[in-house]
Amino acid sequence: MPIKPTFLNFLTCFIKGHQMEISHVVNDRINEMCCKKCGKEMTNNIYGDTVPMNDYYLRINESLSQLARRKRLRQKAA
Ligand SMILES: [Zn+2]
């Protein structure tokens, strides 16, 4: 479902806070979240903090997600 960010949505988020929804589970600690209202993307970093999504974290999450996938495959094979 595409989200159309509008100024009003940003304003609502600013006042009420974002309505975060998990959009992608990277591994057992890290999730990517997306605000249902304004589409703002956040992610957990390796320290467990919630940070705004950027290229840096996108690349880290991609690598972590690949690692997690490989780990799952290994566990299945064992
Ligand atoms: Zn929001």
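Residues numbered from 1 in each chain as written. Predicted model: local features only at pLDDT ≥ 70, side-chain atom pairs only at ≥ 80, totals over all residues.

K.L.:
How would you summarise the overall build of the chain if you had to cite specific residues and measurements?
P.N.:
When its secondary structure is counted, the chain shows two helices and four strands. In terms of overall dimensions, the chain is more spread out than a globule: its C-alpha atoms have a radius of gyration of 15 Å, far above the 12 Å expected for 78 residues. Expressed as lengths along the three principal axes of its C-alpha atoms, the size of the chain is roughly 50 × 25 × 20 Å. Within the chain, the fraction of its 78 residues that count as buried is 10%. For the chain, the share of sequence-separated contacts (at least 6 apart) that also reach a separation of at least 24 residues comes to 29%. (Helix = DSSP H or I, 4+ residues; strand = E, 2+ residues; numbered from the N terminus. Rg over C-alpha atoms; globule rule 2.2 N^0.38 Å. Buried ≥ 20, exposed ≤ 12 C-beta atoms within 10 Å, placed from the backbone. Contact = placed C-beta atoms within 7 Å.)

K.L.:
If you had to explain the environment of Leu73 to someone new, which residues and values would you point to?
P.N.:
For Leu73, the position within the fold is in helix α2 (residues 55-77). Counting along the chain gives 67 residues from Leu73 to Thr6, while the straight-line C-alpha distance between them is 42 Å.

K.L.:
Describe α2, naming the residues involved and giving the relevant values.
P.N.:
Between its terminal C-alpha atoms α2 stretches 33 Å, which fits the 33 Å expected from 23 residues at 1.5 Å a residue. Among the 23 residues of α2, two are classified as buried, and the element is accordingly described as predominantly exposed. (Expected span 1.5 Å × (residues − 1).)

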